[in-house]
Amino acid sequence: LVGWIKFANKKQQQKLFATLIVQLVIGCVGFFTQILQFNPKTVASELVEQGKAIRQIQDAIQERHITDSQKTNLTDLLSRISKCPIDIYAMDGDREAIHFSREIYQIFKEAGWPVSDLKQSMLIGGTPSGLFIVQKPWDATNGIYIKYIFGLQKFDVALHERRDMATNTVEFWVGTRP
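Residues numbered from 1 in each chain as written. Predicted model: local features only at pLDDT ≥ 70, side-chain atom pairs only at ≥ 80, totals over all residues. Heavy atoms only, no water.

## Considering the pattern of salt bridges
Right, on to step 1. Summed over all chains, the structure comprises 8 salt bridges.
Right, on to step 2. In this structure, the salt-bridge partner of Lys-52 is Glu-49, at a minimum N-O distance of 3.6 Å. With Lys-52 and Glu-49 both in helix H2 (residues 40–60) and 3 residues apart, this pair spans about one turn of that helix.
Right, on to step 3. In this structure Glu-49 comes out as partly exposed when scored by relative accessible area, which is 48%.
Right, on to step 4. In this structure, Asp-164 engages Arg-162 in a salt bridge whose closest nitrogen and oxygen atoms are separated by 2.6 Å.
Right, on to step 5. Taking the relative accessible area as the measure of exposure, Arg-162 reaches 32% and is therefore partly exposed.
Right, on to step 6. Members of the salt-bridge network, linked through shared partners, are Arg-162, Asp-164 and Glu-171. (Salt bridge = Lys/Arg side-chain N within 4 Å of Asp/Glu carboxyl O. Helix = DSSP H or I, 4+ residues; strand = E, 2+ residues; numbered from the N terminus. Buried < 20%, exposed > 50% of the residue type's maximum accessible area, 1.4 Å probe, protein only.)

## Some thoughts on the environment of Arg-80
Right, on to step 1. In this fold, Arg-80 is placed in helix H3 (residues 68–80).
Right, on to step 2. Judged by relative accessible area, Arg-80 falls into the exposed class, the value being 62%.
Right, on to step 3. Spatially, the C-alpha atom of Arg-80 lies 8.2 Å from that of Ala-111, the residues being 31 residues apart in sequence.

## Brief notes about the packing of H3 against helix H4 (residues 95–110)
Right, on to step 1. Where H3 contacts H4, the axes come no closer than 8 Å and their chain directions differ by 45°. One way to sum up the angle between H3 and H4 is to call them oblique. The element H3 and its partner H4 pack so that their crossing is right-handed. For the pair formed by H3 and H4, the contact residues are Lys-71, Leu-74, Thr-75 and Leu-78 on the first element and Ile-107, Phe-108 and Glu-110 on the second. (Axes fitted to C-alpha atoms, helices over the stretch in contact; angles between N-to-C directions. Parallel < 35°, antiparallel > 145°, perpendicular 65-115°, else oblique. Left-handed = near helix turned anticlockwise from the far one by under 90°. Contact = heavy atoms within 4.5 Å.)

## Let's talk about the environment of Leu-47
Right, on to step 1. With respect to the helices, strands and loops of the structure, Leu-47 is situated in helix H2.
Right, on to step 2. Each C-alpha atom of the pair Leu-47 and Ser-129 lies 34 Å from the other, and the pair is 82 residues apart in sequence.

## Observations regarding the nonpolar core
Inside soluble globular proteins, nonpolar side chains tend to come together where they are buried.
Right, on to step 1. If you look at the biggest cluster of nonpolar residues, it comprises 26 residues, and the most contacted ones within it are Leu-78, Ile-104, Phe-108, Trp-113, Ile-146, Phe-150 and Phe-172.
Right, on to step 2. Elements supplying a minimum of two residues to this core: H3, strand S1 (86–91), H4, strand S3 (131–135), helix H5 (141–152) and strand S5 (170–174).
Right, on to step 3. In terms of nonpolar packing, the next biggest core, distinct from the first, is built from 6 residues, Tyr-89, Met-91, Phe-132 and Trp-173 among them. (Core = buried A, V, L, I, M, F, W, Y, C linked by side-chain atoms within 4.5 Å.)

Here it is in C-alpha cells:
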C-alpha cells in the first residue's frame, strides 16, 4: 500500500510506513497474548450484566411518590382530624425532596388543612433524610396524629420538638431520600 501511493515528500511516506508497521506489531502482539480476542458471546453477557447493574442503580435512586390509594387514604384520614396551621418544607436544592413535598402539600390542601406556600430551606448541622414533623414540646396532638396516619400508609415519619414554635402549629419536613 505504501508503495502504491506517491507522496510529494519522502518523509510523509516514511512516517506512514512506520505507523503501519507499529499498528501491525501491536495487532500481532495483542492477538498472540490474547488481549485483543473478542468473543461476541462474552461481550453480550457482559452487556446484560451491566444492564442489570444499571437497573439496580435506577431502582435504588427512584424518586419517592405517593400512590393513588395512599393519597386517597391519607386525604380521607387527615380530613377527619382537627387541623392546625402546617408548613411543608423541602430541603433546598434537593429536586427529589421538592417533588415529593409537592405531593404531600397537595394531600394536606385537599384534606382541608391551612397550608402555607411550599417552602424550601436548609437546616444548620447537616441535611436530614426521610420525613419528620417539628412541633412545640407538649403540643404533640396534631404531630402524633399526622405521624400515625402516615405510618398507616407505610411512611416512616419522625417527630421532633422545637421550643420556639408557636402553639398548635406543625412543620412537615421532607428530607433527602433515606
